[in-house]
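A closer look at the structure
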Amino acid sequence: INLYGATKLTSDKLFVSANNYKGNQDIRFSVVRYGNVMGSRGSLIPFYLDKKKEGVLPVTDKRMTRFNISLEKAVEFVLLCLKKMWGGEIFVPKIPSFRVIDVAKAISPQLKLKFIGIRPGEKIHEEMISQNDAINSIEFKNFYVITPNSKFIGWDKKKYLRLNKLGKNCASEFTYNSKTNKKFLTIKELKKLIQKYISDTY
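These figures come from a predicted structure and were not determined experimentally.

Pairing within the open sheet is mixed, and its three strands lie in the order 2-4-6. Both outer strands of the open sheet, strand 2 (36–37) and strand 6 (97–99), are each paired with one neighbouring strand and no more. Where strand 4 (residues 65–69) lies against strand 6, three bridges are found, and the strand directions are antiparallel. Within strand 6, the position partnered with Phe67 by the bridge is Ser97.

We now examine the pattern of salt bridges. A complete count under the given rule lists ten salt bridges for this structure. Residues Arg33 and Asp133 are paired through a salt bridge, measuring 3.8 Å at the closest nitrogen-oxygen approach. Residue Arg33 is found in the loop between strand 1 (31–32) and strand 2, and its partner Asp133 is found in the loop between strand 8 (127–129) and strand 9 (137–139); the two are separated by 100 residues along the sequence. With its nearest N and O atoms 4.0 Å apart, the salt bridge here joins Lys73 to Glu76. Of this pair, Lys73 and Glu76 both sit in helix 3 (residues 71–84), three residues apart, which is roughly one turn of the helix. When its relative accessible area of 44% is taken as the criterion, Lys73 is described as partly exposed. A network of salt bridges, in which partner residues are shared, links Asp12, Arg33 and Asp133.

Calculation rules
Residues numbered from 1 in each chain as written. Predicted model: local features only at pLDDT ≥ 70, side-chain atom pairs only at ≥ 80, totals over all residues. Heavy atoms only, no water. Pairing = 2+ DSSP bridges. Helix = DSSP H or I, 4+ residues; strand = E, 2+ residues; numbered from the N terminus. Salt bridge = Lys/Arg side-chain N within 4 Å of Asp/Glu carboxyl O. Buried < 20%, exposed > 50% of the residue type's maximum accessible area, 1.4 Å probe, protein only.

Right, dumping it as structure tokens:
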């Protein structure tokens, strides 16, 4: 819904398509897609820790949710995918969601919250697997794989499922969305993660 998301989608498609243009080179291209990396530059938690000094925390919308992953877990997932990739997949980890309002409460429960409204191009919720992707998506215990379209060179989804027996096809109307995610971080869990990965002094 915004230019940032559109450029990420374009990047995904370019990398997947690169497998069709590699010729005889012994190289494979796959993609890892995940949500908000906890504590990354410009992300929510460092922003709130800085804003805490002003005595008010701005919240765009009290309904807003995001996926969450630590940098450590993100790197571990990339290394796992390097071992599993055939080339052409998009790997999506199963990670928890958080409510933005809960992050504010975890950082400072006594501070006033100022609801400022959603900005142009901003999403209420994150979606890492859309309904359009569902037909090509496979669920594993700890992650999903969006496989290439059936016409993709050298790809056979049925064979992939046979060789990866723990995987199962996702339902035709499946989506992986931060709003409907099964796992949400509590305020207490968020507080512990912030202390562990970002600041133990806040």
